[in-house]
Amino acid sequence: MEVNVEARRILAVSISKLYASRIQRGGLRLHRSLLLSLVMRSARDIYHSSRESDAPSDAPPAPEEPMDTNSGPGEQNRLPEPQPEPQPADAAPEELEDGCENDMAEDKENLSPARQSRKRRGKASAAPDFLPSKRARLEPGEERYAAPVGSCRAGAGDSLAALTLNRVIPAF
Amino acid sequence: TVSQLSGQTPTHEGRDGGERGEDTDSSMEEESDTRKINNSFLRDHNYATEADIISTVEFNSSGELLATGDKGGRVVVFQREQESKSQPQRRGEYNVYSTFQSHEPEFDYLKSLEIEEKINKIKWLPQQNAAYFLLSTNDKTVKLWKISERDKRPEGYNLKDEDGRIRDPSTITSLRVPVLQPMDLMVEATARRVFSNAHTYHINSISVNSDLQTYISTDDLRVNLWNLEITDRSFNIVDIKPANMEELTEVITSAEFHPQQCHTFAYSSSKGSIRLCDMRQAALCDKHCKYFEEPEDPSTRSFFSEIISSISDVKFSHNGRYLMTRDYLTVKVWDLQMESKPLETYQVHDYLRGKLCSLYENDCIFDKFECVWNGSDSVIMTGSYNNFFRMFDRNTKRDVTLEASRENSKPRAILKPRKVCVGGKRRKDEISVDSLDFSKKILHTTWHPHENIIAVAATNNLYIFQDKVN
């Protein structure tokens, strides 16, 4: 379960880095984007495989919003210091990856309708679905709602991470 | 021994240039009173103008000149003073020789992208006449600069006077021949060639061929071969761009020509492999003739395994028999005859292995450290954090950690070896891993081709260290 938390955190950090790199001077750096996508892929795989193994026993709420970094204080307290003991964290992904490889291959097919019907897109239009479009200017009196990544609701959590990885590169 | 290094005063912030180092003893201290005040203010408050951040350093092939490039697109060239018998203590110090703006920020209108002016790499051409030539590159454009001295000026023109104003023809009564008169030495830099529009992705390295006629420029996916005389055409000799960009798994991180074999070059990848290519085999060198990769150790696998195995620098040894690569935590020396694993592996800062997650969050894990050989290929050097840099003696297997900082760098001061404490009791002079300053990183270093003189770039400061003369 700790591994899952770690994976979620890394996913969150990675996506914010992706955001930041879009406005970076000099344009998107291909190498950096590639490395980000690799980390996100590892984190996503861990996250999914730990969800698979936890799903029967756990209550649903926890994994629904992997992007929600505004999670409650309880969860934040559970987050270990940056790098917990490397051994259990590293051993666990290792096992999970090996064990769940076959499942993952299948699951990729079934993951989300968005991914299945993903058409080949040109570079110019490859904006990932989950990224919000340009934020509207607020009228006086309006409030901005919390959870900025508004599309990250139940079910979209999976497709979110799945979508980003391969979109990182073509978006360049 | 290499570990006994004494420091030349770190050259001042802002490396003001254009003037030759005329200061005599004062170049040892701050140059003037007002600058003293400014510099101490800057130093105490740790300001670094981003444009002053040094992004590359390189000695020329004789070691007489040292070039630095910075984020603001400027190049500053230092020249070593001639050693004089009258002042033996001023043993060959480096003073500013020339400063010029190499690259300006540009805007790519087609892609709506700004092109940074930061100088990514500088490579010198070996000297063939009185002038000096270097290649400097930013993300998209390579330029050939000629640096030459002018110490004479023609005087006595007929049609214009000394200020350049046209003379009234009616006042000209006799003809004279202009004569070259001595003038104050002026060092001029002129752009002789501009090699542009050949790279879709960001240029990470350039390398001059031993034939002295060609060079390669490398971006994330392609290596292009240029003739130094021809700017409107280049040959693409490596292209790893997949037909479908979504299948991209690997990028090129650096490339270098073999120091003696003009047909051989090597390029490193983000997956931790190096490919050696022979240009005689085919026009497009997509098929390597040697492939160097060490299998990953499964016990150290983590989320960040791929990032830390990405090679940030590759350098041939001077003798052409070895390759050195730098990844995030190690430096490896490879024998060109053995592709299966490196000959030697040196741990630069293995204590960071347990901190990869925080280093990922603060972006440090993406830092690209360079590595460098000494002239005899017996010692290798690379940078680390907290303004530390490390040297490894390949023969004695001893290593040392040194620090480039103002406190330790009084002139003639000998650098004291530093040590990082990795847990347990911290001894008096040791520094603990958690106290390391990750904003102070030494990414760029260079070693004099023949002597034990090194230049180390620490953010916006340049440190030059020499072996102690007993």
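Per an unreviewed UniProt entry, chain B goes by the name Serine/threonine-protein phosphatase 2A 55 kDa regulatory subunit B and belongs to Salarias fasciatus. For chain B, the Sequence similarities (unreviewed entry) comment in UniProt is given as "Belongs to the phosphatase 2A regulatory subunit B family." Its UniProt record gives chain B a comment under Subunit (unreviewed entry), which states: "PP2A consists of a common heterodimeric core enzyme, composed of a 36 kDa catalytic subunit (subunit C) and a 65 kDa constant regulatory subunit (PR65 or subunit A), that associates with a variety of regulatory subunits."

Taking an unreviewed UniProt entry as the reference, chain A is identified by name as Immediate early response 2b belonging to Salarias fasciatus.

### Quick word on the overall build of chain B
Along the backbone of chain B there are three helices and 32 strands. Relative to its full complement of 470 residues, chain B shows a buried share of 51%. Put simply, 54% of the contacts in chain B that link residues at least 6 apart link residues at least 24 apart. Of the accessible surface of chain B, which amounts to about 21900 Å², a share of 48% is contributed by carbon and sulfur atoms.

### Here we look at the interface of chain A and chain B
Listed by partner, the interface residues are 35 residues for chain A and 37 residues for chain B. In total, about 3400 Å² of surface goes out of reach between chain A and chain B, with carbon and sulfur atoms giving 58% of it. The tally of links between chain A and chain B comes to seven salt bridges. Its salt-bridge partner being R25 of chain A, residue E117 of chain B comes within 2.7 Å of it at the nearest N-O pair. Here the side of chain A that touches chain B takes 11 residues from helix α2 (residues 30-54) of chain A, the largest share from any one element. In terms of residue class, the side of chain A that touches chain B is made up of 16 nonpolar, seven polar and 12 charged.

### Some words on the nonpolar core
Within the largest apolar cluster, 46 residues are counted, with the highest numbers of intra-cluster contacts made by F304, Y328, Y360 and I365 of chain B. Once residues lying within four places of it in the same chain are set aside, the contact partners of F304 of chain B are I10 and V39 of chain A together with L356, C357, Y360 and I365 of chain B. With 16 residues, the next largest nonpolar core counts M381, W447, Y463 and F465 of chain B among its residues.

### Focus on the pattern of salt bridges
Opposite charge on two side chains allows them to pair when their charged atoms are near. According to the stated counting rule, one finds 36 salt bridges over all chains in the structure shown. Across the salt bridge formed by R301 of chain B and E306 of chain B, the nearest N and O atoms sit 3.9 Å from each other. Judged by relative accessible area, R301 of chain B falls into the buried class, the value being 18%. For D437 of chain B, the salt bridge is made with K440 of chain B, and the minimal N-O distance between the two is 4.0 Å. What makes D437 of chain B partly exposed here is its relative accessible area of 26%. Accessibility expressed as a relative area gives 31% for K440 of chain B, which makes it partly exposed. A network of salt bridges, in which partner residues are shared, links K17 and R32 of chain A together with D363 of chain B.

### Describing the packing of aromatic side chains
Residue and element names in this part refer to chain B. With the rule as written, the count across this model stands at 20 aromatic pairs over all chains. Centre to centre, the rings of Y97 and Y132 are 6.0 Å apart; their planes meet at 85 degrees, and the pair counts as edge-to-face. Highlighted residues: Y97 in strand β5 (residues 94-101) and Y132 in strand β9 (residues 132-137), separated in sequence by 35 residues. Relative to W226, the ring of F195 has its centre 5.1 Å away and its plane inclined at 70 degrees; by these criteria the two rings are edge-to-face. Pair noted here: F195 is in strand β11 (residues 179-195) and W226 is in strand β14 (residues 222-227), with a separation of 31 residues, a long-range link. Accessibility assignment for this pair places F195 and W226 in one class, buried. In this structure an aromatic cluster arises from ring pairing among F303, F304, Y360 and F366.

### Some thoughts on the sheet that holds β5 of chain B
Residue and element names in this part refer to chain B. Pairing in this open sheet of four strands is antiparallel, and the strands run β2-β3-β4-β5 from one edge to the other. In this open sheet, the two edge strands, each paired with only one partner strand, are β2 (54-59) and β5. Sheet twist, expressed as the average angle between the axes of neighbouring strands with direction ignored, equals 20 degrees. The sheet contact formed by strand β3 (residues 65-70) and strand β4 (residues 74-80) spans five bridges and is antiparallel. The partner of A67 across the bridge, within β4, is V77.

### So, the pairing of strand β25 (residues 379-383) of chain B
All names here are of chain B. Burial analysis of β25 places five of its five residues in the buried class, the great majority of the element. Of the two faces of β25, the one carrying V379, M381 and G383 and the one carrying I380 and T382 are both buried. Examined bridge by bridge, strand β24 (residues 371-373) and β25 share three bridges and lie antiparallel to one another. In the strand pairing of β25, V372 is matched with M381. Taken together, the five bridges between β25 and strand β26 (residues 388-393) define a ladder with antiparallel strand orientation. Along β26, the bridge assignment pairs M381 with M391.

### What about the pairing of strand β27 (residues 399-403) of chain B?
With respect to burial, β27 of chain B is a largely interior element, four of its five residues being buried. In textbook terms, the turn of a hairpin is the stretch between consecutive antiparallel strands, and for β26 of chain B and β27 of chain B this stretch comprises five residues, one of which, K397 of chain B, has a positive phi near 65 degrees.

### Structural notes on unusual backbone geometry
Residue and element names in this part refer to chain B. The residue S112 is not glycine, and still its phi comes out positive at about 55 degrees. On the secondary structure map, S112 appears in the loop between β6 (106-108) and β7 (113-115). For S112, a relative accessible area of 55% gives the class exposed. If you check the backbone angles, N386 has positive phi at about 60 degrees while not being a glycine. Along the chain, N386 turns up in the loop between β25 and β26.

Calculation rules
- Residues numbered from 1 in each chain as written.
- Chains lettered and ligands numbered in written order.
- Predicted model: local features only at pLDDT ≥ 70, side-chain atom pairs only at ≥ 80, totals over all residues.
- Heavy atoms only, no water.
- UniProt positions renumbered as here; feature names shortened; annotations may be inferred.
- Helix = DSSP H or I, 4+ residues; strand = E, 2+ residues; numbered from the N terminus.
- Buried < 20%, exposed > 50% of the residue type's maximum accessible area, 1.4 Å probe, protein only.
- Contact = heavy atoms within 4.5 Å.
- Areas by Shrake-Rupley, 256 points an atom, 1.4 Å probe, with all protein chains shown as cover.
- Buried area = accessible area lost by both parts, 1.4 Å probe.
- Salt bridge = Lys/Arg side-chain N within 4 Å of Asp/Glu carboxyl O.
- Nonpolar A, V, L, I, M, F, W, Y, C, P; charged D, E, K, R; others polar.
- Core = buried A, V, L, I, M, F, W, Y, C linked by side-chain atoms within 4.5 Å.
- Phe/Tyr/Trp six-rings, centres within 6.5 Å; stacked < 30°, edge-to-face > 60°.
- Pairing = 2+ DSSP bridges.
- Axes fitted to C-alpha atoms, helices over the stretch in contact; angles between N-to-C directions.

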